[in-house]
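Each chain, written out:
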Amino acid sequence: MTASGLQMEEGLWRTFTSLLDGPSTARAVATRLGRPVATIVRNLNHLQEHGLVCETGTDRVGQHIERVYRLPEGAVRVRDERALSLAFHETERGLTLAAYNGLPSAAGMVSVCVPRERAAEIMDRLQALREDIEALQQEGGDVKLSFFLAGWTED
């Protein structure tokens with residue numbers, strides 16, 4: 001699995017996704033993931049070299065000053081099969097946070113590349129899902145879901 005040319009083994013992936021909740025120190029990430037701080041620092045440095053993590057300042061923790069890391073602004077291209085489930089998870093999380101904070105909406109977007117021979121099958125499945133959603137819409141509700149679908153070939 002690659003992300004901007006970086007091999008995203010499990011430890012790097014977990015370090016990367018741990019910053020979805022916002023900026024954090026290596027020590028805080030290590031605590032959250034139950035991993036050694038030195039391993040997390042190596043992971044963060046590796047991710048930073050590939051533009052997937054940025055330093056955003058420092059934080060005083062006791063007598064130590066620690067670097068604070070965050071995900072970069074804007075879009076990050078992650079070529080990994082886990083990206084789609086991550087996008088769905090983050091959109092659900094965003095809806096929960098939006099509701100909790102009294103905000104009107106949240107959104108997430110992910111692009112995936114599929115084999116040309118499977119594209120028609122996927123479109124048929126999306127069509128069936130659209131029909132199911134339209135049937136649910138007749139029941140009414142208080143959560144609005146908007147869909148954006150685009151397709152193209154990268155020849």
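Heads up: the structure comes first, above all this text.
As the structure is a prediction and not an experimental result, all values here were calculated from the model. All residue numbers refer to position in the chain's written sequence, counted from 1. Given that the model is predicted, a residue must reach a pLDDT of at least 70 before its local features are reported, and side-chain atom pairs must reach 80 or more before they are shown or counted; all residues, however, enter totals for whole chains, interfaces and linings. Think of the side-chain values as coming from all heavy atoms in the structure, minus any hydrogens and water.

Novice: Give a description of the pattern of salt bridges that names residues and reports values.
Specialist: Note on definitions: salt bridges are taken to be side-chain nitrogens of Lys or Arg within 4 Å of carboxyl oxygens of Asp or Glu. One pass over the structure, following the stated rule, counts five salt bridges. Between Arg 27 and Glu 66 there is a salt bridge, with the nearest N and O atoms lying 2.7 Å from each other. Within this pair, whereas Arg 27 is found in helix H2 (residues 26-33), its partner Glu 66 is found in strand S5 (residues 64-70), the two being separated by 39 residues in sequence. Judged by its relative accessible area of 38%, Arg 27 falls in the partly exposed class. Judged by relative accessible area, Glu 66 falls into the buried class, the value being 10%. In this structure, Glu 134 and Arg 130 form a salt bridge, with 2.4 Å as the shortest nitrogen-oxygen distance. Residue Glu 134 and its partner Arg 130 are both found in helix H5 (residues 116-137); the two are separated by four residues, about one turn of the helix. A relative accessible area of 37% means that Glu 134 is categorised as partly exposed. Arg 130 sits in the partly exposed class, given a relative accessible area of 35%. Residues participating in the shared-partner salt-bridge network are Arg 118, Glu 121 and Arg 125. Helix numbers and strand numbers start at the N terminus; a helix is a DSSP run of H or I with at least 4 residues, a strand a run of E with at least 2. Only protein chains enter the calculation, and the probe is 1.4 Å; a residue is then buried if its accessible area is under 20% of its type maximum, exposed if over 50%, and partly exposed in between.

Novice: Give a detailed account of the packing of aromatic side chains, specifying residues and quantitative values.
Specialist: We call Phe, Tyr and Trp rings a pair once their centres come within 6.5 Å, taking the six-membered ring for Trp, and we label the pair stacked below 30 degrees between planes, edge-to-face above 60, and tilted otherwise. Evaluation of the coordinates by the stated rule reveals one aromatic pair. Aromatic pair Trp 13 and Phe 16: ring centres 5.9 Å apart, planes at 35°, arrangement tilted. Residue Trp 13 and its partner Phe 16 are both found in helix H1 (residues 10-18); the two are separated by three residues, about one turn of the helix.

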